[in-house]
Amino acid sequence: FEATIPELQAALARGKTTSQALVRQYLDRIEAFDRDGPQLNAMIAINPHAMEEAARLDQERKAGGVRGPLHGIPIVLKDNFDTADLPTTGGSVALQGFVPPDDGFQVRKLREAGVVVIGKTNLHELARGIETISSLGGQTLNPYDPRRNPGGSSGGTAAAVAASFAAVGMGSDTCGSIRIPAANTNLFGLRVTQGLSSRDGIIPLSDTQDVGGPLARSMIDLVTVLDVTVGEDPVDQQTRGASAHIPETYRHHLDAEALEGARLGLLVDYVQESGEYADVSQVIRKATGLMAENGAEIVAIEIEGLEELRTSTSVINYEFRAGLNEYLVRSNAPVKSLAEILETGQFHPALEDRFRRSENTDETAPEYFDRLERRAELAARLVRAMTLNELDALVYPTLRVKPDFVGERQSGSLCHIAAHSGLPAISLPAGFTSDGVPVGIELLARPFDEGRLIELGFGWEQVAMPRRPPALTPSLKET
């Protein structure tokens, strides 16, 4: 319960536990809290072969063949990552039972590293929203307050990791789909620089904006998975040249003193301490205050034109239909187009407006190309602001308001800043509101400066110790 990957690995090495025993414990937690208890509804499918896979990895360990720090570690995957032995549905009834021809790039890398996939997690259907509701998986609940949504679209992964259904989980982020769930469930979530990791085998939402990556309860867990999942992939041309930016291991960036001397630019326009933003802004101000107490210099800044640029540079509507259609045909899925999904009604009613908007959007429209150009301007302004102010990172709330209640449309996201610029950003647990709701603080850096974000995130973790498990999903030994 709440153990880090190194702690689990040490227990495995000493013979204190086995991979099979870990899988069994996590499955027991899923039974207790996902199917029963608060009924979080985070899992969309359980791997029926998880125990067999764990047994094989235990035998490898006994024979002296430990693959690395992930050997025998149970994980969960968002159900838009292709798995050749499990259905990949995107949460859509239109893809129920569909098994892709092979594993996606990151899944393959994880399996080569020795993970055990416990199961697949629910998501906002086809990743097209930030509340995590789908026609196949239903509504996932927030383990800190089941009346509220867990964020999305990787909300199932976030709820599962927050409730310790696995050691760590994988999500995807097109505009906040890793970082918003991380913020809503007291986790660490990283969106890498566009092109640092392959999107092969992730059901596409936007070719320009999609990335995949980990959600974790600790920085060491996040970095352990990051090391395995980044890198060049000939199938994904966006990753060309990525290897030049990847260190031997990101664990070298786990610097407990990283806040000392750091210069962080607080985007003051987004931390208003009145009205609907007050609760979150107060937590953010308190967090940056603690950073300052531990050696960081907090610089209040404003970036001219940022608000207009961040809200006028999304290309999801223009790219979703073509990317999804190509994936469905190439993978020999049971449906072949977004139009077919709409025609057959195989989707959650909450998604209809977004799906139809994408179906009726012209991807050759001049506005699409204008948005691509404005994205370059957004990135340039952000980097220029960091350079002129000699900043290590920009700082702002991941979500400006608390997670909305189930059934309501979530507002207050600042996901566009990173997603529309292609720059790396990490959401860190900032603390809790007075009524116990988690809040995330986001740090954004220059291209391929993940190492600095990891330093700052780890430094923050050591001084703040912000991780607090949900009271609704305690250790089974305590129940």
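Placed above this text is the structure.
Each value, and the rule that gives it
Residues numbered from 1 in each chain as written. Predicted model: local features only at pLDDT ≥ 70, side-chain atom pairs only at ≥ 80, totals over all residues. Heavy atoms only, no water. Helix = DSSP H or I, 4+ residues; strand = E, 2+ residues; numbered from the N terminus. Rg over C-alpha atoms; globule rule 2.2 N^0.38 Å. Buried < 20%, exposed > 50% of the residue type's maximum accessible area, 1.4 Å probe, protein only. Contact = heavy atoms within 4.5 Å. Areas by Shrake-Rupley, 256 points an atom, 1.4 Å probe, with all protein chains shown as cover. Lys, Arg positive; Asp, Glu negative; His and termini not counted. Charge placed at Lys NZ, Arg CZ, Asp CG, Glu CD. Core = buried A, V, L, I, M, F, W, Y, C linked by side-chain atoms within 4.5 Å. Pairing = 2+ DSSP bridges. Axes fitted to C-alpha atoms, helices over the stretch in contact; angles between N-to-C directions. Phe/Tyr/Trp six-rings, centres within 6.5 Å; stacked < 30°, edge-to-face > 60°. Lys NZ or Arg CZ within 6 Å of the ring centre and 35° of its normal. Salt bridge = Lys/Arg side-chain N within 4 Å of Asp/Glu carboxyl O. Expected span 1.5 Å × (residues − 1). Arc of directions from axis to C-beta. Parallel < 35°, antiparallel > 145°, perpendicular 65-115°, else oblique. Nonpolar A, V, L, I, M, F, W, Y, C, P; charged D, E, K, R; others polar. Polar contact = N/O pair within 3.5 Å; in protein donor to acceptor, adjacent residues only side chain to side chain.

Engineer: Can you help me understand the overall build of the protein in this one?
Structural biologist: Looking only at helices and strands, the protein features 15 helices and 13 strands. Rg of the C-alpha trace for the protein: 21 Å, near the compact-globule value of 23 Å for 479 residues, within the 12% margin. Overall, the protein is about 55 × 55 × 45 Å in size when its C-alpha atoms are taken along their principal axes. Residue burial in the protein is summarised as follows: out of 479 residues, 62% are buried. Sequence-distant contacts, at least 24 apart, represent 76% of the contacts inside the protein between residues at least 6 apart. Accessible area of the protein: about 17,200 Å², with a carbon and sulfur share of 49%. For the protein, the centre of its 46 positive side-chain charges and the centre of its 66 negative side-chain charges are spaced 3 Å apart.

Engineer: Where do I start with the nonpolar core in this structure?
Structural biologist: Counting residues in hydrophobic clusters, the biggest one holds 87 residues, and the most contacted among them are Leu70, Leu110, Phe165, Ile284, Leu428, Ile441 and Leu443. Membership of the second largest hydrophobic core comes to 27 residues, among which are Phe98, Ile203, Phe320 and Leu399.

Engineer: Where do I start with the sheet that holds strand β12 (residues 425-432) in this structure?
Structural biologist: Strands belonging to one sheet form pairs held by backbone hydrogen bonds; the direction of such a pair is parallel or antiparallel. In spatial order, the strands read β1-β3-β2-β6-β8-β7-β12-β13-β11-β9-β10; together these 11 strands make up an open sheet with mixed pairing. At either end of the open sheet lies a strand with only one pairing partner, and these are β1 (43-46) and β10 (297-301). Sheet twist, expressed as the average angle between the axes of neighbouring strands with direction ignored, equals 30 degrees. Both strand β2 (residues 74-78) and strand β6 (residues 168-173) contribute to a ladder of 3 bridges, which runs parallel. Looking across to β6, one finds that isoleucine 75 is bridged to valine 168. Along the sheet, helix α15 (residues 450-464) makes contact with β7 (188-191), β9 (263-267), β11 (393-397), β12 and β13 (438-444), crossing β12 at roughly 15 degrees.

Engineer: Sorry if this is basic, but what is going on with the pairing of β7 here?
Structural biologist: Along any regular strand, the residues point their side chains to alternate faces of the sheet. Of the two faces of β7, both are covered, the one formed by Phe188 and Leu190 as well as the one formed by Gly189 and Arg191. Inspection of the sheet shows β7 paired to strand β8 (residues 211-216) by 2 bridges, in the antiparallel sense. Residue glycine 189 lies in a different strand from β8, and its bridge partner there is leucine 215. In this sheet, β12 lies alongside β7 in antiparallel orientation, the contact comprising 3 bridges. Within β12, the position partnered with glycine 189 by the bridge is serine 427.

Engineer: Before we go on, may I ask you to explain the packing of aromatic side chains in this structure?
Structural biologist: Aromatic rings considered in pairs are described by the distance between their centres and by the relative angle of their planes. Enumeration over the complete set of coordinates arrives at 5 aromatic pairs. Arranged with centres 5.9 Å apart and planes meeting at 50 degrees, the rings of tyrosine 144 and phenylalanine 432 form a pair that is tilted. You can see tyrosine 144 sitting in the loop between β5 (138-139) and α5 (155-162) and its partner phenylalanine 432 sitting in strand β12, a full 288 residues away along the chain. On the basis of relative accessibility, which here comes to 16%, the residue phenylalanine 432 falls in the buried class. Three or more aromatic residues link up through ring pairs in this structure, and these residues are Tyr318, Tyr368 and Phe369. Across the ring face of phenylalanine 405, the terminal group of arginine 148 is positioned such that the distance to the ring centre comes to 4.2 Å. For arginine 400, the ring lying beneath its charged end belongs to tyrosine 277, and the centroid distance is 3.7 Å.

Engineer: Looking at this model, I keep getting lost on the pattern of salt bridges. Mind explaining?
Structural biologist: Close approach of charged atoms lets side chains of opposite charge pair. Scanning the model with the defined rule gives 30 salt bridges in all. The residue arginine 179 makes a salt bridge to glutamate 442 at a minimum N-O spacing of 2.7 Å. With arginine 179 in helix α6 (residues 179-184) and glutamate 442 in strand β13, the pair connects residues that are 263 residues apart, well separated along the chain. Each member of the pair, arginine 179 together with glutamate 442, is buried. Aspartate 236 is paired through a salt bridge with arginine 199; the nearest N and O atoms lie 2.6 Å apart. Residue aspartate 236 is located in the loop between α7 (219-229) and β9, and its partner arginine 199 is located in the loop between β7 and β8; the two are separated by 37 residues in the primary sequence. By the burial criterion, aspartate 236 is buried, and arginine 199 matches it.

Engineer: Explain helix α3 (residues 50-62) here, please?
Structural biologist: Count 3.6 residues to each turn of an α-helix, and residues three or four apart come out pointing the same way. Taking 1.5 Å per residue, 13 residues should reach 18 Å; α3 reaches 18 Å between its end C-alpha atoms and fits that length. Regarding α3, the residues found buried are Ala50, Glu53, Ala54, Leu57, Asp58 and Arg61. Summarising the axial view, the buried residues of α3 lie within an arc of 140 degrees, below the 170-degree limit, and thus occupy one face. Opposite the buried face of α3, by more than 90 degrees, sit the exposed residues Arg56 and Lys62.

Engineer: Is there a simple way to think about the packing of α7 against α15 in this case?
Structural biologist: Angle between the axes and distance between the axes: these two values describe a pair of packed helices. The contact between α7 and α15 brings their axes to 10 Å, and the two run at 155 degrees. With respect to α15, the element α7 is oriented roughly antiparallel. Contacts from Met219, Val223 and Leu226 of α7 reach α15 at Ile454, Gly457, Phe458 and Glu461. Counted by class, the contact of α7 with α15 contains 5 nonpolar, 1 polar and 1 charged residues.

Engineer: Can you walk me through the packing of helix α2 (residues 19-35) against α3 in this structure?
Structural biologist: Axis separation between α2 and α3 bottoms out at 7 Å; the angle between their running directions is 155 degrees. Relative to α3, the element α2 is oriented roughly antiparallel. Contacts from Ser19, Gln20, Val23 and Arg24 in α2 reach Ala50, Met51, Ala54, Ala55 and Asp58 in α3. Each residue belonging to the contact of α2 with α3 can be placed in one class, and the counts come to 5 nonpolar, 2 polar and 2 charged.

Engineer: Any chance you could explain the side chain of asparagine 149 here in plain terms?
Structural biologist: By the secondary structure assignment, asparagine 149 is in the loop between β5 and α5. There is a polar contact of 2.7 Å between the side chain of asparagine 149 and the backbone nitrogen of glycine 151. If we skip the residues at most four places from it in the chain, asparagine 149 touches Ile130, Glu131, Gln139, Asn142, Asn184, Pro403, Asp404, Val406 and Gln410.

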